Amino acid sequence: MATSGYKLNFNQDFTSISVLDGKDGFRIFSINNSDKVEEIYARESPHIILIERLFNSSLVVKVTAEKPNCLQMLHFKKNQNICHCAYGSNILSIRMNRTRLIVCLADSIHIHDIRDMKMLHQIENIAPNELGLCTLSLNSHLAYPISSTSGELRIFNATKLKPSITIKAHESRLSALNFSPSGQLLATASERGTVIRVFCVKNGQRVQEFRRGTMRCVRIASLVFSIHGYFLGATSNTETVHIFKIDEKAVIMALEAEALQAAKIAAAKQLEKAEKHSSHCTDDAKSETAVETAPTDTTVISTSPSSGWSDYLSKTVSSYLLPTQVSDVLAQDRAFATVVLAQPGMRHICGITYVQKELKVLIASEEGFLYIHDFNKERGGVCKLQAVHDLRGALDGVVELNLHDSLNKMSTDSLDKETSPRHVPTINVAGSAPVDSSLQITATTSSTNLCSATDGKGKKSTAPRCIMENPEQVADNSYAGILKGQREANTLTDSDKFRKLCDAIDTPTKLYDECQFPPMAIAARD
């Protein structure tokens, strides 16, 4: 598969996209207009391997190749490091919402309170999860695979910190999963990539099943619900992006099935209790009751309405579960809409959201481009390409390489690579001359070796599960920082950390530092 080194990632509500180039740094773009994608942040920070932004806040978390087991939290609008968290092995994925931050390792999952980074819970001894596969809903439901041979998963309540249900979603291993925005549905795909299933989070019942194709097995790259939860998009290594329509009636049936089943059980218990009570009565008592009052028959008949009610509930529930009824729901297995990609074989991620009050399909490719397509939510069909945005662009301070120097450096680096041991000497090139493509490949290979060495079979480590570290102090040029004066290094207290995290999370979307200053600061500067 071709690759250009770009990793792109949408935030939780598809209002921004982060572009990660392991060689140069990362950039954040705001998606507010189909015709223009605005760059709101750029930073030279080489060899970043993971980056996530929390909605439209100022909080960004990242992981670098130099410290693949260290989570770094950044207030990007103020360019301030907040805190670092070190773990026993490499960080494979990060998930966030307004209250929780999830760090997924190969053999464990760590749940933090995002406002103070306090460790709330650790899920240990999970099945080997080398892809870091997990997903977090907006209402803090966590789903992760629990088998390395089948598609079995577990839903964990990250608010109450206890497991919920287990779902056997597929026969083969999982390759993608994602919650709907409401947290009521969970979509899954297996390594085969032919079938995509949607489950009810409340009871684990299968709501719908979509068949992407039968002719070939593919790798599902992303599986994402639309911003309102009515559509489901799936990208793979093929030339087509499939968009499926969620059946709202099937969702309602799945949500009501549990209540109907509970009512059925309660009615059955009442009937069983009534039968036991009648069996304890003697024949004389029965005849006496029958002679004195005719309502005995009425009582028996009065149980028949309960029996009839139970039968009615049973029929109602079974009607939802009959193969013929389910087959009607599962018949909606074709894509409601499709997007044809210009370059198949590359990794693409998808988003379905409103841009300027119109529903659009956003597709970002690893080549560094963002494609925006029109989407007709009434008729579906093939989505028409509306705009293409180049998200690559050089960062400030990057100097263009001379071709002759580049060729000489390429030959020198190739010789050094053959003679050097397996460690990460090339990662220290951040402060040197600009890096060419050959050096980028060397650094990527070395960082991969470092990850494999850390995530080897000897997974047990004597190091603590999570260590909080204070980052290197950066001069605080804000108004409050000037009044307080500069502190000594490594003096970040828990209250400071809490304040900075809350500030990063709660920062208004379109306010920047000079707009947050008190009027006296602006007057003093003028």
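Residues numbered from 1 in each chain as written. Predicted model: local features only at pLDDT ≥ 70, side-chain atom pairs only at ≥ 80, totals over all residues. Heavy atoms only, no water.

Enquirer: Help me out: how do you make sense of the overall build of the chain in this one?
Expert: Summing up its helical and strand segments, the chain has ten helices and 30 strands in all. Here the chain holds 526 residues, and the buried ones make up 45% of them. By sequence separation, contacts in the chain at least 24 residues apart represent 50% of the contacts at least 6 residues apart. Here the chain has roughly 27,000 Å² of accessible surface; of this, 52% comes from carbon and sulfur atoms. (Helix = DSSP H or I, 4+ residues; strand = E, 2+ residues; numbered from the N terminus. Buried < 20%, exposed > 50% of the residue type's maximum accessible area, 1.4 Å probe, protein only. Contact = heavy atoms within 4.5 Å. Areas by Shrake-Rupley, 256 points an atom, 1.4 Å probe, with all protein chains shown as cover.)

Enquirer: What am I meant to see in empty space enclosed by the protein here?
Expert: A probe as big as a water molecule, rolled over the atoms, marks out the empty space that is left. Applying the stated rule across the entire model yields three cavities of 30 Å³ or more. Of the voids in this model, the largest cavity is the one considered here, and its volume is about 100 Å³. Lining the largest cavity are A127, P128, N129, E130, L131, L133, P145, S147, S148, S150, R173 and L174. Class assignment for the residues of the lining of the largest cavity results in six nonpolar, four polar and two charged. (1 Å grid on protein atoms, 1.4 Å probe; cavity = no way out; pocket = protein on both sides within 12 Å on 5 of 7 lines; lining within 4 Å. Points joined across faces, edges and corners; volume = space filled by probe spheres on them. Nonpolar A, V, L, I, M, F, W, Y, C, P; charged D, E, K, R; others polar.)

Enquirer: Could you clarify how one ought to interpret the confidence of the model for the chain in this entry?
Expert: For residues with low pLDDT, the predicted coordinates do not support detailed interpretation. Considering every residue of the chain, the mean pLDDT works out to 75; 65% of them sit at 70 or more. Every residue in residues 287-315 scores below 50 in pLDDT, and together they form eleven contacts with partners more than four places removed in sequence or on other chains. Within the model, pLDDT remains below 50 along residues 509-526, and this stretch shows 19 contacts once partners closer than five positions in the same chain are excluded. (pLDDT = per-residue confidence, 0-100.)

Enquirer: What is the right way to look at the packing of aromatic side chains in this model?
Expert: Geometry of an aromatic ring pair is reported as the spacing of the ring centres plus the angle between the planes. A complete count under the given rule lists eight aromatic pairs for this structure. Between the aromatic rings of Y41 and F76, the centroid separation amounts to 5.1 Å while the plane-to-plane angle is 65°, which identifies the pairing as edge-to-face. Taken together, the residues Y41 in strand β4 (residues 38-44) and F76 in the loop between β7 (70-75) and β8 (80-87) connect sequence positions 35 residues apart. For Y41, a relative accessible area of 11% translates into the label buried. The exposure class of F76 is buried, given its relative accessible area of 3%. With a centroid separation of 6.5 Å and 40° between ring planes, the pair formed by F369 and Y371 is classed as tilted. Each member of the aromatic cluster is reached from another via a ring pair, and the members are F26, Y41 and F76. (Phe/Tyr/Trp six-rings, centres within 6.5 Å; stacked < 30°, edge-to-face > 60°.)

Enquirer: Can you walk me through the sheet that holds β4 in this structure?
Expert: Within a sheet, adjacent strands bond to each other through the backbone by hydrogen bonds, running parallel or antiparallel. Taken in spatial order, the four strands of this open sheet run β1-β2-β3-β4, and their pairing is antiparallel. Strands with a single pairing partner mark the edges of an open sheet, and in this sheet they are β1 (6-10) and β4. If you compare each strand with its neighbour and ignore which way they point, the axes differ by 15° on average. The sheet contact formed by strand β3 (residues 25-30) and β4 spans six bridges and is antiparallel. Residue pairing for β4: G25 is matched across the bridge by E44. (Pairing = 2+ DSSP bridges. Axes fitted to C-alpha atoms, helices over the stretch in contact; angles between N-to-C directions.)

Enquirer: Looking at this model, I keep getting lost on the pattern of salt bridges. Mind explaining?
Expert: Oppositely charged side chains can form a pair if their charged atoms are brought close together. A complete count under the given rule lists eight salt bridges for this structure. A salt bridge links E209 to R197, with the shortest nitrogen-to-oxygen separation between them at 2.7 Å. Of this pair, E209 sits in strand β20 (residues 206-211) while R197 sits in strand β19 (residues 195-200), and the two are twelve residues apart along the sequence. Like R197, E209 is buried. Taking the shortest distance from any N to any O, the salt bridge between D374 and K360 comes out at 2.4 Å. One end of the pair, D374, is in strand β27 (residues 369-374); the other, K360, is in strand β26 (residues 358-365), and 14 residues separate them in sequence. In this structure D374 comes out as partly exposed when scored by relative accessible area, which is 29%. One salt-bridge network, held together by shared partners, links R197, R206 and E209. (Salt bridge = Lys/Arg side-chain N within 4 Å of Asp/Glu carboxyl O.)

Enquirer: Looking at this structure, I do not really get unusual backbone geometry. What am I missing?
Expert: Phi is mostly negative for residues that are not glycine, and the peptide bonds are mostly trans. A positive phi is found at M117, a non-glycine position, where the angle reads about 60°. Here M117 lies in the loop between β11 (108-113) and β12 (118-124). Unusually for a residue other than glycine, K357 sits at a positive phi of about 65°.

Enquirer: What should I look at first to understand the pairing of strand β23 (residues 240-245) in this one?
Expert: On a regular strand, one side chain projects to one face of the sheet and the next to the other, so that they alternate. Of all six residues in β23, five are buried; the element is thus mostly enclosed. Across four bridges, strand β22 (residues 231-236) lies against β23 in antiparallel orientation. Considered in β23, the bridge of F231 is made with K245. Looking at chain direction, β23 and strand β24 (residues 337-340) are connected through four bridges and run antiparallel. Residue I243 lies in a different strand from β24, and its bridge partner there is A337.

Enquirer: Teacher, can you tell me more about the side chain of R53 here?
Expert: With respect to the helices and strands, the residue R53 is situated in strand β5 (residues 48-53). No salt bridge forms around the buried R53; measuring N to O, its nearest opposite-charge neighbour D13 is 7.4 Å away. One polar contact links the side chain of R53 to the main-chain carbonyl oxygen of N56, over a distance of 3.1 Å. For R53, the residues in contact, after removing those within four places along its chain, are N11, Q12, S16, I28, I40, L59, V60, F76 and M96. (Lys, Arg positive; Asp, Glu negative; His and termini not counted. Polar contact = N/O pair within 3.5 Å; in protein donor to acceptor, adjacent residues only side chain to side chain.)

Enquirer: What exactly am I supposed to notice about the sheet that holds β23 here?
Expert: Ordered in space as β21-β22-β23-β24-β28, the five strands form an open sheet in which the pairing is mixed. Of all the strands in the sheet, just β21 (220-225) and β28 (381-382) have a single pairing partner and so form its edges. The pairing of β21 with β22 spans five bridges and is antiparallel. Across the sheet, the residue bridging to V224 is G233, located in β22.

Enquirer: Just checking my understanding: could you explain the nonpolar core for this structure?
Expert: Counting 33 residues, the largest nonpolar core has F10, I17, L370 and F375 as the members making the most contacts within it. At five residues, the largest contribution of residues to this core is made by β26. Residues contacting L370, with those up to four places away along its chain left out, are F10, I17, I31, V37, L362, I363, A364, A387, V388, H389 and L391. In terms of nonpolar packing, the next biggest core, distinct from the first, is built from 22 residues, V61, M73, M96 and L105 among them. (Core = buried A, V, L, I, M, F, W, Y, C linked by side-chain atoms within 4.5 Å.)

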